[in-house]
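# Examination of the molecular architecture
Now for the letters of each chain:
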Amino acid sequence: MSAPRRPTDPSGLERYYVLTGGRSGPGGSASSLDVATLIVSGAASAPGMQHEHAEILRRCREPLSVAELGAHLQLPFNILAVLLADLLEAGCVEARDPIPAHDAGRGPDLALLEEVLSGLERL
Amino acid sequence: MDLNGFDRPGRPAAGDTRSVKVMIAGGFGTGKTTMVRSVSDIKPLTTEETLTQASADVDHLIGVADKTETTVSLDFGKISLNESLVLYLFGTPGQERFWFLWNGLFKGALGAVVLVDTRRLASSFRAIEEMERQNVPFVIALNVFPDSKEHPVEEIRDALDISPHTPIVACDARDRTSSRDVLVALIRHLKERSAVALESR
């Protein structure tokens, strides 16, 4: 007789379901989050705050990318995005998208490329 | 919720930090993770995306009929370019067929490096196609392995069917300076493209 199929891995789907209250993807401002988006906390964690929310605020006192947060908290991108959406809506964090080389309105950003180049040349 | 401290007009420079991203693409085993590791300031990390939608139509990886769970991993590293600008390097997942599922993976990237193993040119065809399809500017980096034969660059350009405007550079992905030089070649290429675009406006 086979054992009932129940995930026992605490890092598995059940954990994600609990963390996000069953939401599978972020809406609103967080739906544009990129792996290279920098998250900066603007508030201290409050008592009673969900552990993961507090942990994000703590780690993002200095700007930290969504990818780094995901790696440190061992959360997949889409789950993390849901948690970040909560914090963005509450005004607790600021999200800074990566700067594109080409801005739709302004055209190519040569100054940015120059800045990247001189940074690389100093390595 | 405590919002004190959100308005800090005289914030230190680190508070204004911005990011840019570059993708490291290429076929399986071409040295993407090696390159990320060699140039990164931090120990490379891995971030994951769990894909639950649509993959059932692509193939049966897990064998669950109605809900297929696929984890796609991105290895990434980071280079501090100056006090307020950070470059993130993302090695793309080996299975290119999942790229489209990772929403906006290439969006907002400055450009991409496509690594090519000259012993197995075909393994990077898919990555090159994808860059062209998504209109991501890129350079080709020939990762020279110890037993790689030397090929004239133009021969490789023909074999890969690459436009004459796309730079092809040789590198050793294990070497920090060599990998850095590939990134420098990419940014120079982007600058040239931008200059051309500005002139033709």
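As the structure is a computational prediction, the values presented were derived from the model and not from experiment.

Parameters at a glance
- Residues numbered from 1 in each chain as written.
- Chains lettered and ligands numbered in written order.
- Predicted model: local features only at pLDDT ≥ 70, side-chain atom pairs only at ≥ 80, totals over all residues.
- Helix = DSSP H or I, 4+ residues; strand = E, 2+ residues; numbered from the N terminus.
- Buried ≥ 20, exposed ≤ 12 C-beta atoms within 10 Å, placed from the backbone.
- Contact = placed C-beta atoms within 7 Å.
- Axes fitted to C-alpha atoms, helices over the stretch in contact; angles between N-to-C directions.
- Parallel < 35°, antiparallel > 145°, perpendicular 65-115°, else oblique.
- Nonpolar A, V, L, I, M, F, W, Y, C, P; charged D, E, K, R; others polar.
- Arc of directions from axis to C-beta.

## A few points about the overall build of chain B
The helix and strand tally for chain B stands at five helices and seven strands. Tracing chain B from N to C terminus, the helices and strands come up as β-α-β-α-β-β-β-α-β-α-β-α. Counting only residues that meet the buried cut, chain B has 37% of its 201 residues in that class. Counted over contacts in chain B with a minimum sequence separation of 6, partners at least 24 positions apart contribute 74%.

## As for the packing of helix α1 (residues 32–39) of chain B against helix α5 (residues 176–199) of chain B
Residues and elements named next belong to chain B. The geometry of α1 relative to α5 is characterised by a closest axis approach of 8 Å and an angle of 100° between their N-to-C directions. By the angle between their axes, α1 is roughly perpendicular relative to α5. Residues Met35, Ser38 and Val39 of α1 pack against Arg176, Ser179, Arg180 and Leu183 of α5. Taken together, the residues of the contact of α1 with α5 sort by class into three nonpolar, two polar and two charged.

## Things to note about helix α2 (residues 51–59) of chain A
Residue and element names in this part refer to chain A. When we look at burial in α2, the residues that qualify are His53, Ile56 and Leu57. The arc that holds the buried residues of α2, viewed along the axis, is 95°, so those residues lie on one side. Looking at α2, the residues exposed on the side facing more than 90 degrees away from the buried face are His51 and Arg58. Among the structural elements, β1 (38–41), α3 (66–73) and α4 (77–89) are those in contact with the buried residues of α2.

## Overview of the interface of chain B and chain A
Counting residues at the interface gives 41 residues for chain B and 39 residues for chain A. At the level of elements, β1 (18–26), β2 (45–51), β3 (70–82), β4 (85–91), β5 (109–116) and α5 of chain B are the ones that each hand at least two residues to the side of chain B that touches chain A.

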